[in-house]
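# Residue-level structural notes
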Amino acid sequence: MQMPSKYDASQVENKWYDYWMEHKYFHSTPDDREPYTIAIPPPNVTGVLHMGHMLNNTIQDVLIRRARLLGKNACWVPGTDHASIATEAKVVAKLKEQGIDKNTLTREEFLKHAWDWTHEYGGVILEQLKKLGCSCDWDRTKFTMDDEMSEAVIKVFVDLYNKGLIYRGYRMVNWDPEAKTTLSDEEVIYEEKQGNLYYLKYKIKGSENALTIATTRPETIFGDTAICINPNDERFTHLKGKQAIVPICGRVIPIIEDDYVDMEFGTGCLKVTPAHDENDKNLGDKHKLQVVDIFNEDASLNSFGMHYEGKDRFVVRKEITKELEDQGFLVKTETRINKVGTSERTKAVIEPRLSDQWFLKMEELAQPAIKAVLGEDSEIKLFPKKFENTYRHWMENIRDWNISRQLLWGQQIPAYYYGDGKEDFVVAESIQEAVELANKKRNVTLSAVKAPLTKEDLTQDKDALDTWFSSWLWPMSVFDGIRNPENDDIKYYYPTNDLVTGPDILFFWVARMIIAGYEYKDEKPFNNVYLTGLVRDKQRRKMSKSLGNSPDALKLIEEYSADGVRVGLLLSSAAGNDLMFDEALCQQGKGFGNKIWNAYRLVDGWDIDQNIPQPNSSKIAVEWYVSKFQKALLEIEDHFSKYRLSDALMAIYKLIYDDFCGWLLEMVKPAYQQPIDAITYRAIIAIFENNLKIVHPFMPFLTEDIWHYIAERTPDEALIVAKWPETKPINETLIAEFEFASEVITGIRNIRKQKNIAFKDAIGFSVINNEKTNTTFDTIISKLGHLESMDYVSETIEGALTFRVKSNEYFVPMAGSIDVEAEIKKLTEELSYTEGFLKSVQKKLSNERFVAGAPEQVITNERNKEADALAKIETLKTSLASLV
RNA sequence: GGGCGCAUAGCUCAGUUGGUUCAGAGCACUUGGUUUACACCCAAGGGGUCGGGGGUUCGAAUCCCUCUGCGCCCACCA
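The structure displayed is predicted, hence computed values, not measured ones.

Looking only at helices and strands, one finds 27 helices and 31 strands in chain A. Against the 2.2 N^0.38 benchmark of 29 Å for 884 residues, chain A shows a C-alpha radius of gyration of 38 Å, more extended than a compact globule. Oriented by its inertia axes, the alpha-carbon framework of chain A measures out at about 115 × 65 × 55 Å. Buried positions account for 53% of the 884 residues belonging to chain A.

This is how it looks when you write it as structure tokens:
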């Protein structure tokens, strides 16, 4: 087939992706091969591809394609996450645009909108992954809200409840007043903000005296139910047992004592607002204080806020400060930096709020997950290892997980209420079961038997479960391993091999998957966790939509080709290190593709002559490269085993660019318009095929395309399912000899450059072979140096340019044009450098403690260095003598 | 406040148990080169007191202490 001179990426990419899909290379079913499995970190169903996804999924595809070439049964399960709060926020915003208020809709109506949205946009991101070349088993695509996935979630909830691990509690939670839902601690981002510390005067009841407290939140005085002082604080002894009067609302509250109060901070008097601060809640519980909640769901004030009712908390803060000041209650204001919790999704300032929530007890569940990751013989390895510390810290201080969200989009909590009492509820997988359970439970409680409850008497809890409560089951539920634990898929594919994700969800997701894995399969969910870094721009800023510094992923692919972008992303992204993304890297990736393309164009253009013998230079060249390739193969293997993908790619890059294109092809290339012998040609093709195999995981499209130019192939022979190159013995001698030869060639090139000798002009060449190197590479030196001849001599050649490699001396005769002065200068400089070097080596060797303390190997080396230096000095001296 | 980690060439980073290959790679840069696959190319070259200071050792980028500057995680004193 005629090969175009330019590589047309988009056409090629579509062609081969379709081809792979058509022949079902991505699809996997259990068989007797070793499985290699990755469950994708499911992106948000309504999301679009960003640089983080690109990096993440490129890594996964490299791993999965390599596993496929290694003959494993590779299965990469794709899917999307319903991302409850993020998606719900988007749907609410869209409805708002259409003039629809979420609160006017029934649950069913809202969910219909959400599903419409999901069907419209869901899967866009998966289509984008295809453009990147991701070889997911699309037949297995899952969504965390699929019926069977939801069923698994509910089953697990009920099971954990029955085990006594899930409980309902009236607790202080993080309330997002914009989304009107609870957030887990992990979803709250603390930001430093400039704020004020207000000093407020509270009158003492039945006295003319007053006390002063300091607060950052004056609007919460309506919720004050006590003033607290430290019992050891002598300044306030006179306040003990007294009562204080809250400004503006005039409520009388007790003055209590607790050594929780820091005497150094503020005034040493603390106002206690149990409804709106976690620590105050604790104080409140301890001292049996009243709880006054002053906020509505949207964080506007309720009727306790008196004339501020209905106004937003921040508006009230401003206005009440004014009122307090006018009435003489405000003593002073200090500016202060404090950390304010904000919602990861909506950016709203979090309000601590007391409410009924569902919690999962974590401490006991976490134990197997701690053991699995930490310690010497850990079952799960984190890459890079440094995240183990972070993991340990979190796991050993784990708090109960608040799993309920006041959202509609998600699995509805399977708790059913049937009475007025706080405990009048049951937890069940279905309403039928709930009815039965409820009747049983009620009959036990009640002395008299009442008419049985029916479906209509039960109300299901309105809250939905936290998104992560479904995704923590992901590696199991994608194989239906929760509902159907003995099925073939779960038995074959679980545990999965590698998980590739960002460290930002180490706790949200990774830790919890490990916990769930041990609880439900009694086994780890994956062997290795590869934690990628954040993608940042050149100025180290995190790439984000709001900054507008994130390039359009698909445009990048259009411009640099999918392969180019993949290589660009991986060129500089060690595991766990942030990636300083620069489009120039994609350009380099594209350039690499171009290099490989043109290399094949060269080979493809050769005429083959069956009758000419293989030149010795070509024979050696091929043998050398085969060894070089094998050496690289080992190195690549080692990098992969340590998940050093950038290093593996760089090793491949250098092998192809320098050793293959730069050296091998130059060594075997026939003269202009001359044919190549058949033996060399066949060897080069075999080498080329091996090269393509190792590049394929990184650049799947280009390599598959060239693969089919090399030969007509049946579908079974496609590159994607080819066999990874076999390992063979390495001829280290040959590699070392080439190293030496390449230095000789460099020397010749330098002389040509110095004297402006064009490559097309052949030159004479002589050598004094003090090193006794053998002649293996002579034909190659001759070819690449364009030598007339290569003579072995024993005496210095007069009137020649010289250079040395080790103690060998080389001569390029140049009668009449030798600058003797310059030669002497050059030789003198080389001599003094070598003598200095020798001195330092000898100094080391004459140090008794060195000779006594250093290992044999090191000493031998130093002795070799000494001998080399002495030989070279000898050579230099002889040359100098002949010139002077 | 507690914990973890990082600092090596202009940039991004390797450097495994202290000693061959220890001062490296890629990119960028400088110089020279083009009828013969590729200027998306080839060749050659410059460039670093290994963040500062101190210590251990025959020997330190590597181990210890300290200072400085960054990054991340956790906890949240009103």
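Turning to the packing of aromatic side chains, a few remarks are in order. What the rule picks out here adds up to 43 aromatic pairs. On the numbers, 6.2 Å between centres and 70° between planes, the contact of Tyr-17 with Trp-20 is edge-to-face. In this pair, Tyr-17 and Trp-20 both sit in helix H1 (residues 9-22), three residues apart, roughly one turn of the helix. Given the relative accessible area of 7%, Tyr-17 is considered buried. Under the relative-accessibility criterion, Trp-20 is labelled buried at 0%. One aromatic cluster is present, built from ring pairs that chain together Tyr-600, Trp-624, Tyr-625, Phe-629, Phe-660, Trp-663, Phe-688, Phe-738 and Phe-777. The lysine or arginine in question, Arg-66, covers the ring of Trp-724, its NZ or CZ lying 5.1 Å from the ring centre. Between the NZ or CZ atom of Lys-130 and the centre of the ring of Trp-138, over which it lies, the distance is 4.8 Å.

Near RNA strand B lie 54 residues; those nearest to it are Asp-262, Phe-265, Arg-336, Ser-572 and Tyr-672. Here the atoms of RNA strand B within 4 Å of the protein split so that 60% fall in sugar or phosphate, with bases taking the remainder. Asn-389 is positioned with one of its side-chain polar atoms (N or O) 3.2 Å from a sugar or linking oxygen of RNA strand B. Breaking the surface near RNA strand B down by element, the ones donating at least two residues are strand S13 (330-343), helix H10 (387-396), helix H18 (583-604), helix H20 (645-668), helix H23 (732-754), helix H26 (848-853) and helix H27 (856-883). Element by element, the count of residues in the surface near RNA strand B is highest for H18, at eight residues.

Once that is clear, we can look at the environment of Cys-136. Along the polypeptide, Cys-136 turns up in the loop between helix H5 (124-132) and strand S4 (142-143). Put simply, Cys-136 and Asn-162 are 26 residues apart on the chain and 37 Å apart in space, counted from C-alpha to C-alpha. Apart from residues no more than four positions distant in its own chain, Cys-136 is found in contact with Phe-26, Trp-76 and Pro-78.

Together, Val-48, Tyr-121 and Val-124 make up a nonpolar patch on the protein surface, roughly 220 Å² of accessible area in all. Mapped onto the secondary structure, Val-124 falls in helix H5.

Across chain A, pLDDT averages 90, with 98% of residues at or above 70. Among the scores for the predicted complex, ipTM is 0.94 and pTM is 0.92.

What follows covers unusual backbone geometry. Each neighbour pair has its own omega, and for Phe-383 with Pro-384 the value is -5°, a cis peptide bond. Mapped onto the elements, Pro-384 comes out in the loop between strand S15 (381-383) and H10. The omega angle of the peptide bond from Tyr-494 to Pro-495 is 0°, so this bond is cis rather than trans. Mapped onto the secondary structure, Pro-495 falls in the loop between helix H14 (488-493) and strand S22 (496-501). A positive phi angle, close to 55°, is found at Lys-180, a residue other than glycine. Relative to the helices and strands, Lys-180 resides in the loop between strand S5 (166-176) and strand S6 (181-183). In the Ramachandran plot, Ala-299 falls in the positive-phi region, its phi being about 65° despite a non-glycine side chain. Inspection of the secondary structure assignment puts Ala-299 in the loop between helix H7 (278-286) and helix H8 (313-326).

Let's shift gears to the pairing of strand S30 (residues 800-805). Within S30, six of the six residues are buried, which leaves it mostly tucked inside the rest of the structure. By the bridge criterion, six bridges tie S30 to strand S31 (residues 808-813) in an arrangement that is antiparallel. What sits directly across from Phe-803, in S31, is Tyr-810. In textbook terms, the turn of a hairpin is the stretch between consecutive antiparallel strands, and for S30 and S31 this stretch comprises two residues, one of which, Lys-806, has a positive phi near 50°.

Glancing now at the side chain of Lys-281. Looking at where Lys-281 falls in the secondary structure, it is placed in helix H7. Filtering out sequence-adjacent residues up to four positions away, Lys-281 remains in contact with Tyr-170, Met-172, Pro-274 and Leu-354.

Let us now look at the sheet that holds strand S23 (residues 526-531). With parallel pairing, the three strands of this open sheet are ordered in space as S15-S23-S22. The open sheet is flanked by S15 and S22, the only strands paired with a single partner. Within the sheet, the average angular offset between the axes of one strand and its neighbour, ignoring direction, is 20°.

Quick look at helix H16 (residues 553-560) now. Those residues of H16 that sit buried are Ala-553, Leu-556, Ile-557 and Tyr-560. Along the long axis of H16, the arc covered by the buried residues comes to 100°, so they all point the same way. Opposite the buried face of H16, by more than 90 degrees, sit the exposed residues Lys-555 and Glu-558. Where H16 begins, the capping side chain belongs to Asp-552, and its oxygen is found 2.9 Å from the backbone nitrogen of Leu-554. Trailing H16 by a residue or two, Ser-561 shows a phi angle of about 75°, which is positive.

Criteria and thresholds
Residues numbered from 1 in each chain as written. Chains lettered and ligands numbered in written order. Predicted model: local features only at pLDDT ≥ 70, side-chain atom pairs only at ≥ 80, totals over all residues. Heavy atoms only, no water. Helix = DSSP H or I, 4+ residues; strand = E, 2+ residues; numbered from the N terminus. Rg over C-alpha atoms; globule rule 2.2 N^0.38 Å. Buried < 20%, exposed > 50% of the residue type's maximum accessible area, 1.4 Å probe, protein only. Phe/Tyr/Trp six-rings, centres within 6.5 Å; stacked < 30°, edge-to-face > 60°. Lys NZ or Arg CZ within 6 Å of the ring centre and 35° of its normal. Near = heavy atom within 4 Å. Polar contact = N/O pair within 3.5 Å; in protein donor to acceptor, adjacent residues only side chain to side chain. Contact = heavy atoms within 4.5 Å. Patch = residues over 30% accessible without salt bridge, like charges linked within 9 Å, V, L, I, M, F, W, Y side chains within 5 Å. Areas by Shrake-Rupley, 256 points an atom, 1.4 Å probe, with all protein chains shown as cover. Salt bridge = Lys/Arg side-chain N within 4 Å of Asp/Glu carboxyl O. pLDDT = per-residue confidence, 0-100. Pairing = 2+ DSSP bridges. Axes fitted to C-alpha atoms, helices over the stretch in contact; angles between N-to-C directions. Arc of directions from axis to C-beta.

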